[in-house]
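The primary structure of each chain is shown beneath.
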Amino acid sequence: MDKDKFKVLNRYHVVFLVQNVMVGTSILSLPNRLSSMGYSQWWMPLLFGVIANIVLIPMIWLALKYRDDHLFAIHEKLLGKWLGKSINIFLVAYFVVIIAAVCASYIQLIQVVALVDRTITGPLIILLLMIIYIVNGGIKSVARFCIMAFFLTLGTVFILKWGFVEGEISHMLPIFNFNAQEFYTATKNGLMAVGGFELISFYFPYIIDQRKALKHASLGIWLCVLLTFLFTFVSVMFFSEWQLKHLIYPVLNLFKEVELSFLERIDVLGITLWVFLILSTTAAYLWAAKRGLDSILSTAKSAHLYMIVIAVYLVVQIPFMQEFQKLLFERIFYVMYVMFVWPILLCIIHVMKPKRTRG
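Quick notes on the rules
Residue positions within a chain follow its written sequence, with the count starting from 1. Local features in a predicted model are, by the rule used here, given only for residues with pLDDT of at least 70; side-chain atom pairs are given and counted only at 80 or more, and totals for whole chains, interfaces and linings are based on all residues. Hydrogen atoms and water are omitted, and side-chain values are computed over all heavy atoms in the structure. Under the scheme used here, helices are H or I runs from DSSP no shorter than 4 residues and strands are E runs no shorter than 2 residues, and both carry numbers assigned from the N terminus. Two things to know: the radius of gyration comes from C-alpha atoms, and the globule rule equals 2.2 Å times the number of residues to the power 0.38. By the convention used here, residues are in contact when the closest approach between their heavy atoms is within 4.5 Å. A 1.4 Å probe and the Shrake-Rupley method give the accessible areas. Residues count as covered only by the protein chains that appear here. By the counting scheme adopted, Arg and Lys are positive, Glu and Asp are negative, and His together with the chain ends is not counted. Every charge is mapped to an atom, namely NZ of Lys, CZ of Arg, CG of Asp or CD of Glu. Working convention: axes come from line fits to C-alpha atoms, limited for helices to the stretch in contact. Angles between N-to-C directions cover 0 to 180 degrees. Any angle that falls under 35 degrees is termed roughly parallel, while one over 145 is termed roughly antiparallel, one within 65 to 115 roughly perpendicular, and all others oblique. Crossing handedness: left-handed means the near helix sits turned counterclockwise from the far one by under a right angle, and right-handed means the same turn made clockwise. Here the term charged refers only to Asp, Glu, Lys and Arg, the term nonpolar to Ala, Val, Leu, Ile, Met, Phe, Trp, Tyr, Cys and Pro, and the term polar to all other amino acids, Gly among them. What goes into a patch is any residue over 30% in relative accessible area without a salt bridge, connected to like charges within 9 Å or, for nonpolar side chains (Val, Leu, Ile, Met, Phe, Trp, Tyr), within 5 Å. Criterion for a salt bridge: a side-chain nitrogen of Lys or Arg within 4 Å of a carboxyl oxygen of Asp or Glu. Classification of residues uses two cut-offs on accessible area relative to the type maximum, computed with a 1.4 Å probe and protein chains only: under 20% is buried, over 50% is exposed, and between them is partly exposed. Nonpolar core, defined: a set of buried Ala, Val, Leu, Ile, Met, Phe, Trp, Tyr and Cys residues in which side-chain atoms within 4.5 Å join the residues together.

A.B. asks: Where do I start with the overall build of the chain in this structure?
C.D. replies: Along the backbone of the chain there are 17 helices and zero strands. Computed over the C-alpha atoms, the radius of gyration of the chain is 20 Å, within 12% of the 21 Å expected from 2.2 N^0.38 for a compact globule of 359 residues. Taken along the three principal axes of its C-alpha coordinates, the chain extends 65 × 45 × 40 Å. For the chain, long-range pairs separated by at least 24 residues make up 83% of all intrachain contacts whose partners lie at least 6 apart in sequence. About 16800 Å² of surface is accessible on the chain, with carbon and sulfur atoms providing 66% of the total. Averaging the locations of the 30 positively and 19 negatively charged side chains of the chain gives two centres separated by 15 Å.

A.B. asks: Explain the environment of L152 to me, please; I cannot follow it from the model alone.
C.D. replies: By the secondary structure assignment, L152 is in helix 7 (residues 139–153). Sequence separation of L152 and F276 is 124 residues, and the distance between their C-alpha atoms is 8.0 Å. If near-sequence neighbours (up to four positions away) are discounted, L152 is found in contact with L273 and F276.

A.B. asks: Looking at this structure, how should I read the packing of helix 5 (residues 81–113) against helix 15 (residues 275–297)?
C.D. replies: Packed helix pairs are specified by the crossing angle of their axes together with the interaxial distance, meaning the distance between the axes. Viewed as axis vectors pointing N to C, helix 5 and helix 15 meet at an angle of 160°, and their least axial separation amounts to 9 Å. Classified by the angle between their axes, helix 5 and helix 15 sit roughly antiparallel to one another. Once helix 5 is placed against helix 15, the crossing between them reads as left-handed. Seen from helix 5, the contacting residues are K85, N88, I89, V92, F95, I98, I99, V102, C103 and Y106; seen from helix 15, they are V275, I278, T282, Y285, L286, A288, A289, G292, L293, S295 and I296. Class assignment for the residues of the contact of helix 5 with helix 15 results in 16 nonpolar, four polar and one charged.

A.B. asks: Can you walk me through a nonpolar patch on the surface in this structure?
C.D. replies: A cluster of nonpolar side chains, contributed by W61, V341, I344, I348, V351 and M352, occupies part of the molecular surface with about 590 Å² of accessible area. The biggest single contributor to the nonpolar patch is helix 17 (residues 322–352), with five residues. Along the chain, I344 falls in helix 17. Given the relative accessible area of 40%, I344 is considered partly exposed.

A.B. asks: How do you make sense of the pattern of salt bridges when you look at a structure like this?
C.D. replies: Oppositely charged side chains can form a pair if their charged atoms are brought close together. With the rule as written, the count across this model stands at four salt bridges. D294 serves as the salt-bridge partner of K290, at 3.0 Å between the closest nitrogen and oxygen. Within this pair, K290 and its partner D294 are both found in helix 15, separated by four residues, close to a single helical turn. Of the two residues, K290 and D294, neither departs from the other in class, the shared state being buried.

A.B. asks: Looking at this structure, how should I read the nonpolar core?
C.D. replies: A general trend in soluble globular proteins is that nonpolar side chains are found buried together. In terms of nonpolar packing, the biggest core is built from 136 residues, with L9, F197, F202 and Y203 touching the most fellow members. Take this core: its biggest share by element is 19 residues, from helix 5. If we ignore the near neighbours within four places in the chain, the residues touching F197 are V18, M22, A52, V55, L56, M59, I221 and F340.

Just distances and angles here, no functional claims.
Below you can see the structure in the form of structure tokens.
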């Protein structure tokens, strides 16, 4: 029996699905990505939250017009079978690269912190097996894991105490000390930090109270934005502008400032706990990719899940030229920005399309 045939997501599932999928590894490197704005970057997560919430509105509006269809099915209804399926194939490929990029990013982080000079094959296989285990239970299993992951990792906020005490509050001023080019660069590099909420277009049919989905998803967005804001704020207080620009993972360096008598390498503990957030993000994307492959092939099979995971493994492990792989992982996130505005175009097509041909 396919559990996904029923409406199974309550309001808590929606809030934490949105929130946890958004976190990923983005918080760890966000202060560096926003470094073109110098100390003025501390309020940028709040701006990203506003953008995400505005973009969410057309997504929910469109989903309410097709309450029992995920975005893959909506594509075929609004754009026709062939064009819809073509876009769905592109989306599945996009999800595969996103999962590969997040997995590769985390595995490389583990290599830097704890597994220096070790191969990534073993950790990568273990990570992928855990993702399969979560996704096998359906979207409700992914949502439950997100809730558990949130509370297990919430304690990492405690490390901000050291950065806050030793930082300089004077770094917060002046607020608008940047030019247009610096603002554009920071926005382009940093907006991906709020990516992930758009997956609601795929699990919307499984939400029980769809009329309040906008409210619950907005709560998830702002919960994520609050955490992102706190980490960015303290990073600005603690680091110099040179450090924000040159440290790829400033938040990881905040971990190293923690002084506990019973634990020496708090950064290793922090990165280990972060795996729960990585699993949340990748599991949601993998679930959506599996639904996409089911839709493209017009049949739901467990084998599709394993086919996607094998594709992810190959993208991470095949010896591409290192520069090409780096470029692919960086550029693929720009597709996320297209995903933000894509529902607006679909809303226009829906309004213009005659009612009898909407499906």
